[in-house]
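Residues per chain, in single letters:
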Amino acid sequence: MNAAHLLAPLFSMFMVCTAQADDLRLPAGAPPAFQSECGACHLAFPPRLLVAEDWRRVMAGLDRHYGDNASLDEPTRRAIEAYLVENAGKPKKLGPSGTAAPGEAPRLTATAWFKRKHHEVPPAYWRHAEVRSPANCAACHKQAASGSYREREIVMPGGRRWQD
Amino acid sequence: MKALIPVLIGLFAVTAQAATPNEILAGYRAEAAKNNPRYQSSAELGAQLYRHSFGVSAKMPSCSSCHGDDPARGGSHVVTGKAIQPLAPAANAERFSDPAKVEKWFRRNCGEVLGRECSATEKADFITFVMRGR
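**Some points on the domain arrangement of chain A**
Each assigned domain of chain A is listed with its residue range as follows: domain 1 (27–106) and domain 2 (120–164). Domain 1 of chain A and domain 2 of chain A are separated by 22 Å when their C-alpha centres are compared.

Rendered as structure tokens:
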């Protein structure tokens with residue numbers, strides 16, 4: 001055993017205690033289908049970005065999923081729903097939820113939290129050909145797939161680094 | 001003949017978790033041959049299926065609208081913008097190695113793009129094309 005082995009657990013405890021806005025790693029315990037299903041057409045979104053009630057609504061209408069069909073067999077659907085609900089975000093932090101079109105399921109890109117975090121982003125960027133949708137986190141957050149959203153990792157469409 | 005697919009999938013699942021693209025292709029070819037004993041899969045017809053604009057969905061008219069014009073280079077999802085790795089097994093070893101996954105996405109994507117399921121003939125042609133590339 002060397003120092004690194006001893007320090008690693010301490011370090012990870014430190015990381016947990018200081019969990020902050022730019023750290024959206026997936027909590028442990030995801031059913032395998034969460035990555036393979038919910039990560040196929042877009043990023044497997046961090047559960048913390050919607051409240052439990054909103055996840056239930058998303059998971060109740062997978063056959064009409066924002067204009068797409070994402071239906072699953074019932075055991076898989078239930079396992080994913082349980083994981084999302086258990087790790088869902090706090091209403092106080094996320095603020096009122098919202099949809100992009102009437103009748104649609106709630107969107108994590110329509111919460112007050114998401115809008116606040118992105119209020120400095122010029123609107124034209126959301127429709128940029130390299131972005132296409134605000135839900136395409138990885139278009140700007142280059143480490144989004146591993147759950148890291150640090151400001152210095154942001155590269156805006158066209159290749160410019162983000163500066164405040 | 002539809003009943004054959006679960007049987008084939010079951011067979012693969014039992015014999016090996018992972019199949020090769022050639023095994024998966026052989027499965028669809030065998031099924032297509034039930035309707036037409038002289039059937040030979042065609043990369044040309046597969047290429048047409050890959051690129052044809054079906055006009056069923058305005059957002060995703062063709063397979064290539066998400067998978068890119070060249071199956072060896074990949075593309076990006078027309079709605080979400082997510083990068084999609086190449087479909088060609090030569091460029092992406094994970095492709096056509098899991099019969100259940102292949103079948104699931106054929107069902108989903110043919111449904112979106114063609115407005116119906118693809119036949120075994122179309123699936124065999126499609127795989128023949130992406131295996132050959134371009």
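Still more to cover.
**Overview of a positive patch on the surface**
All names here are of chain A. A surface patch of positive charge is lined by K90, K93, R116 and K117. Mapping K93 onto the fold places it in helix α5 (residues 91–94). Residue K93 is classed as partly exposed on the basis of its relative accessible area, which comes to 40%.

**Points about the nonpolar core**
Grouped together as the largest cluster of nonpolar side chains are 26 residues, with contacts concentrated most on F34(A), F45(A), W55(A), I80(A) and L84(A). Those elements that provide at least two residues to this core are α2 (32–38), α3 (52–60), α4 (74–86) and α6 (112–117) of chain A. For this core, the domains that each give at least three residues are domain 1 (27–106) and domain 2 (120–164) of chain A. Residues within four places of L84(A) in sequence aside, it is in contact with F34(A), P47(A), W55(A) and M59(A). If you look at the next biggest cluster of nonpolar residues, it comprises 25 residues, including Y28(B), L49(B), V102(B) and C118(B).

**Focus on the interface of chain B and chain A**
Counting residues at the interface gives 13 residues for chain B and 15 residues for chain A. For the pair chain B and chain A, the summed buried surface comes to about 1,100 Å²; carbon and sulfur atoms form 40% of the total. Summed over the shared surface of chain B and chain A, the result is 2 salt bridges. Top contributing element to the side of chain B that touches chain A by residue count: helix α5 (residues 99–114) of chain B, with 4 residues. Among the residues forming the side of chain B that touches chain A, the class breakdown is 4 nonpolar, 4 polar and 5 charged.

**Regarding the packing of helix α2 (residues 21–35) of chain B against helix α6 (residues 120–132) of chain B**
Residue and element names in this part refer to chain B. The contact between α2 and α6 brings their axes to 8 Å, and the two run at 150°. Considering the angle they form, α2 stands roughly antiparallel to α6. For the pair α2 and α6, the sense of crossing is left-handed. Listed contacts from α6 to P21, N22, I24, L25, Y28, R29, E31 and A32 of α2 are A120, T121, K123, A124, I127, T128 and M131. A class-by-class count of the residues in the contact of α2 with α6 yields 9 nonpolar, 3 polar and 3 charged.

**A few points about the layout of surface pockets**
In this approach, a probe sized like a water molecule rolls over the atoms, and the result shows the empty space that is left. For the largest pocket, the calculated volume is near 1,200 Å³. Taken together, 46 residues line the largest pocket, and the ones lying closest to its centre are A40(A), I84(B), R95(B), K101(B) and W105(B). No other element matches the 10 residues that α5(B) contributes to the lining of the largest pocket. Residue classes in the lining of the largest pocket are distributed as 22 nonpolar, 14 polar and 10 charged. Domain assignment of the residues forming the lining of the largest pocket places at least three in each of domain 1 (27–106) and domain 2 (120–164) of chain A. In this model, the second largest pocket occupies a volume close to 900 Å³.

So, how was this worked out
- Residues numbered from 1 in each chain as written.
- Chains lettered and ligands numbered in written order.
- Predicted model: local features only at pLDDT ≥ 70, side-chain atom pairs only at ≥ 80, totals over all residues.
- Heavy atoms only, no water.
- Domains from an automatic or database assignment.
- Patch = residues over 30% accessible without salt bridge, like charges linked within 9 Å, V, L, I, M, F, W, Y side chains within 5 Å.
- Areas by Shrake-Rupley, 256 points an atom, 1.4 Å probe, with all protein chains shown as cover.
- Salt bridge = Lys/Arg side-chain N within 4 Å of Asp/Glu carboxyl O.
- Lys, Arg positive; Asp, Glu negative; His and termini not counted.
- Charge placed at Lys NZ, Arg CZ, Asp CG, Glu CD.
- Helix = DSSP H or I, 4+ residues; strand = E, 2+ residues; numbered from the N terminus.
- Buried < 20%, exposed > 50% of the residue type's maximum accessible area, 1.4 Å probe, protein only.
- Core = buried A, V, L, I, M, F, W, Y, C linked by side-chain atoms within 4.5 Å.
- Contact = heavy atoms within 4.5 Å.
- Buried area = accessible area lost by both parts, 1.4 Å probe.
- Nonpolar A, V, L, I, M, F, W, Y, C, P; charged D, E, K, R; others polar.
- Axes fitted to C-alpha atoms, helices over the stretch in contact; angles between N-to-C directions.
- Parallel < 35°, antiparallel > 145°, perpendicular 65-115°, else oblique.
- Left-handed = near helix turned anticlockwise from the far one by under 90°.
- 1 Å grid on protein atoms, 1.4 Å probe; cavity = no way out; pocket = protein on both sides within 12 Å on 5 of 7 lines; lining within 4 Å.
- Points joined across faces, edges and corners; volume = space filled by probe spheres on them.

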